[in-house]
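Survey of secondary and tertiary structure
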Amino acid sequence: MAHIDEDDEEAFRWAGDEDTGREGARLPGARGAGAQLPDDAPAAADGAPPAGASRRPGTAAVTILFALLYLVLTVGWILGTGYTSAGTTGLLPQVLWQFGEFTAIIAAPMWFATTVLLTPWRLGVRAGALALGLGVLLPWPVLPLLVVGA
Amino acid sequence: MRIVIVIVFGLLHLWALFQGVSNLIALPGFYAQSGLAAYTPWWLLVLGVLVPVAALVAAVLIGRRRMLSHRVALLVVSLATANAFVLSAGALAPILLAWQAG
């Protein structure tokens, strides 16, 4: 019977798992200590993320926190673009300016979504990219509105 | 196909770059005529030129060896960031002037 059990367990292992720290069984919700990866470690030699890595509590908490901050940024840009103008009546500059305002409004959600999409298993990289986006995409045009409101 | 997409997004970035260059050329003269030459926000004007270029280059470099949809997403983020920075620079300049000139 012991021989049969070993064969069953073998189905959950993959050659080279010990080298990458993933010798634990790859079952949802069954991630043992041996299956844990450092936050910034490459997922595997083939580049594929380990199953369920993005569902780690730390990653989820950081992502949700940044999601709220990016939501505030988006609202700021929606309000802020109401206080900018092309400063000309030319048709082409007006169209390009409106297009620029539209892209500015979608900048924050696009930055957030793309970062989350491209960093499924790298908490450090994800947090760094999202923090960079917060700094770059601060909605300065909304500042006069905040000052008047204050 | 991929190079065509990069060229199209490169052309779309030109609007942000044009505004950055335009501000860099025109704003110092406007400040000088108003007697505010000492308050010219040079760092902001230079960033206005650099950001659209840097964003496009970063999107192309990060998108290498990725699938097409990810490349396009990166280029959209780059374009949106460049245009957002143009608006931010336009709003920041008078704020900086008011802050520095008291």
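Nothing here was measured: the structure is a model prediction, and the numbers come from that model.

1. Some details on the overall build of chain A
Helix and strand counts for chain A come out as six helices and zero strands. Along chain A, helices (α) and strands (β) appear in the sequence α-α-α-α-α-α when read from the amino end. A total of 150 residues make up chain A; the buried ones form 25% of that total. Counting contacts in chain A only where the partners sit at least 6 residues apart, residues at least 24 apart contribute 61% of the total.

2. Observations regarding the confidence of the model for chain B
All names here are of chain B. Overall, the predicted model of chain B reaches an average pLDDT of 92, with 100% of residues at or above 70. Across chain B, the secondary-structure element scoring lowest on mean pLDDT is helix α3 (residues 68-101), at 92, and the one scoring highest is helix α2 (residues 42-62), at 95. The ipTM value of the predicted complex is 0.90, and its pTM value is 0.75.

3. Here we look at α3 of chain B
Residue and element names in this part refer to chain B. Counted at 1.5 Å a residue, the expected span for α3 with its 34 residues is 50 Å, and the 49 Å between its end C-alpha atoms agrees. Within α3, the axis deviates most sharply at L92, by approximately 25°, and proline P94 lies no more than four positions further along. Once α3 finishes, G102 follows within two positions and takes phi at roughly 75°, a positive value.

4. Concerning the interface of chain B and chain A
The figure often quoted for interface size is the accessible area lost as the parts come together. Contacts between the two partners involve 19 residues from chain B and, on the opposite side, 21 residues from chain A. Looking at the side of chain B that touches chain A, the element that brings in the most residues is α3 of chain B, giving 18 residues.

5. A look at the confidence of the model for chain A
Residues and elements named next belong to chain A. Scored by pLDDT, chain A has a mean of 74; 63% of the residues are at 70 or more. Of all secondary-structure elements in chain A, the lowest mean pLDDT belongs to helix α1 (residues 2-10), at 52, while helix α5 (residues 123-136) reaches the highest, 94. The low-confidence segment residues 29-48 (pLDDT under 50) makes 26 contacts with residues lying over four places distant or belonging to another chain.

6. So, α2 of chain B
Residue and element names in this part refer to chain B. In this model, α2 (21 residues) spans 29 Å end to end at C-alpha, consistent with the 30 Å of a helix rising 1.5 Å per residue. Where α2 bends most, at L50, the angle is about 35°, and the proline P52 comes one to four residues later. For α2, the full list of buried residues reads L45, G48, V51, P52, A55, L56 and A59. Where α2 is buried, its residues meet α1 (2-33) and α3.

7. Focus: the nonpolar core
One finds A107 and A108 of chain A together with V77, A80 and A84 of chain B to be the most contacted residues of the largest nonpolar core, which totals 37 residues. Of all the elements in the fold, those that place two or more residues in this core are α3 (57-80), α4 (91-118) and α5 of chain A together with α1, α2 and α3 of chain B. Per-element tally for this core: the top contributor is α3 of chain B, with 15 residues. Ignoring anything within four residues of it in the chain, the contact list for A107 of chain A reads W77 and L137 of chain A together with A80, T81 and A84 of chain B.

8. Some points on unusual backbone geometry
Among all residues save glycine, negative phi is the norm, and among peptide bonds the norm is trans. Located in the positive-phi region is R65 of chain B, a residue other than glycine, with phi close to 60°. Relative to the assigned elements, R65 of chain B resides in the loop between α2 and α3.

9. Considerations on the environment of L97 of chain B
Residue and element names in this part refer to chain B. Looking at where L97 falls in the secondary structure, it is placed in helix α3. By C-beta crowding, L97 is classed as partly exposed, having 15 other C-beta atoms within 10 Å. If sequence neighbours within four positions are ignored, L97 has contacts with L36 and Y39.

10. Points about the packing of α4 of chain A against α3 of chain B
Closest axis-to-axis distance for the α4 of chain A/α3 of chain B pair is 7 Å, and the angle between their directions is 135°. By the angle class used here, α4 of chain A and α3 of chain B are oblique. Both α4 of chain A and α3 of chain B take part in a crossing whose hand is left-handed. Contacts from G100, E101, T103, A104, I106, A107, M110, W111, T114, L117 and L118 of chain A of α4 of chain A reach α3 of chain B at H70, A73, L74, V76, V77, L79, A80, T81, N83, A84, V86 and L87 of chain B. Residue composition of the contact of α4 of chain A with α3 of chain B, by class: 16 nonpolar, six polar and one charged.

11. Observations regarding the packing of α2 of chain B against α3 of chain B
Residues and elements named next belong to chain B. It is at 9 Å that the axes of α2 and α3 come closest, and there the two elements cross at 170°. Comparing the axis directions of α2 and α3 gives the class roughly antiparallel. Residues L44, G48, V51, P52, A55, L56, A58, A59 and I62 of α2 lie in contact with α3, whose contacting residues are L74, L75, V77, S78, T81, A82, F85, V86, A89, L92 and A93.

12. Some words on the environment of V75 of chain A
Residue and element names in this part refer to chain A. Turning to its location among the elements, V75 is positioned in helix α3. The exposure class of V75 is partly exposed, given the 14 C-beta atoms found within 10 Å. C-alpha separation for the pair V75 and A108, spaced 33 residues apart in sequence, amounts to 9.6 Å.

Calculation rules
- Residues numbered from 1 in each chain as written.
- Chains lettered and ligands numbered in written order.
- Predicted model: local features only at pLDDT ≥ 70, side-chain atom pairs only at ≥ 80, totals over all residues.
- Helix = DSSP H or I, 4+ residues; strand = E, 2+ residues; numbered from the N terminus.
- Buried ≥ 20, exposed ≤ 12 C-beta atoms within 10 Å, placed from the backbone.
- Contact = placed C-beta atoms within 7 Å.
- pLDDT = per-residue confidence, 0-100.
- Expected span 1.5 Å × (residues − 1).
- Bend = angle between axes of the 7 residues up to and from the residue.
- Core = buried A, V, L, I, M, F, W, Y, C linked by C-beta atoms within 7 Å.
- Axes fitted to C-alpha atoms, helices over the stretch in contact; angles between N-to-C directions.
- Parallel < 35°, antiparallel > 145°, perpendicular 65-115°, else oblique.
- Left-handed = near helix turned anticlockwise from the far one by under 90°.
- Nonpolar A, V, L, I, M, F, W, Y, C, P; charged D, E, K, R; others polar.

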